[in-house]
Amino acid sequence: MTQDELKVLVGRAALDHVVPGSVVGVGTGSTVNCFIDALATMKDRIAGAVSSSVKSTERLQAAGIPVLDSNTVERIPVYIDGADEIDHAGFMIKGGGAALTREKIVADLAERFVCIADESKLVQVLGRFPLPVEVIPMAAAQITRRFKALGGEAQLRAGVITDNGNQILDVRGLQISDPLGMEAEVNQWPGVVTVGLFGRHKAKVCLLGTAQGVRRIDF
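Residues numbered from 1 in each chain as written. Predicted model: local features only at pLDDT ≥ 70, side-chain atom pairs only at ≥ 80, totals over all residues. Heavy atoms only, no water.

(A) Highlighting the nonpolar core. Core analysis: the biggest nonpolar cluster contains 24 residues, and V18, V26, F35, L39 and I80 have the highest contact counts within it. Elements represented by at least two residues in this core include exactly α1 (3-13), β1 (23-26), α2 (30-39), β3 (76-81), β6 (110-118) and β12 (205-210). With five residues, α2 is the single largest residue contributor to this core. Those residues within four positions of V18 in sequence are excluded, and the remaining contacts are V24, F35, L39, M42, I46, V78 and I80. By size, the runner-up hydrophobic cluster in this structure holds 22 residues, among which are I143, L174, M182 and V195. (Core = buried A, V, L, I, M, F, W, Y, C linked by side-chain atoms within 4.5 Å. Buried < 20%, exposed > 50% of the residue type's maximum accessible area, 1.4 Å probe, protein only. Helix = DSSP H or I, 4+ residues; strand = E, 2+ residues; numbered from the N terminus. Contact = heavy atoms within 4.5 Å.)

(B) A look at unusual backbone geometry. Of note, A98 is a non-glycine position whose phi angle comes to about 70 degrees, a positive value. Structurally, A98 is set in the loop between β5 (92-93) and α4 (100-109). Its relative accessible area of 12% is what places A98 among the buried residues.

In C-alpha cells:
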C-alpha cells in the first residue's frame, strides 16, 4: 500500500474509538484529513467536534460537522490526531503542521489520545524528525542559543506564522531519551509557547497503518 492508502486505512479505523453522541477532539494534518472524511459518514451520530486548527475547522465544517469552541467543552472522551514521530512508550513529536499549541490544548481536554499514523512514524528514540517549538518572535534568538547549548540546531521555519500569530523553530540534532524531562525544561524557557513534545499528553493508543493492515498498540 502507498502511504496515502495507509492514512485512509487508519483514518477509517479511528471511527471505532469515537463515542456515539459525544464531542470528538480532532487534530491536524494529512492523516487527520482522512479521519475527518471518515467521520463525515457518521456526523449525525456525534455532538460535534473540537478542532485544533483553522484548516481542520474548515474541513470539518465543509463536511457538515459542527465545530465547538473549546471553552464551551469541559471534557471530551477522545482526541484523534497524527504524529510526526511516536516511540514505543506513546511519547510523540508533533508540530510539523505548526498546530502544536492548539493540539496540546485539545489533548488536555481529552480522556484518551488516539494517535493515527503510518508505520514510518514509529521510532526507537525521538529526534530524527526536527522538534518544532512555537515561540514568541522576540525570544527566537535566545531560544536558539539555549538549544545550541543542548547540542541542537534550531532554525526558523521560513514563511510560517501559527494560528496564534507566533513563529516556529525546528530543532535538529537531538536524541530525546527523556521526553518528559525535556518537555518540562523547554516549556519553562521564557518565550516558548509550546514545545512539540507530547510527554504529559502522550498517546494511550496508536493505530499504525502497515502493509498487513492496521496494527493497534496500547500504551
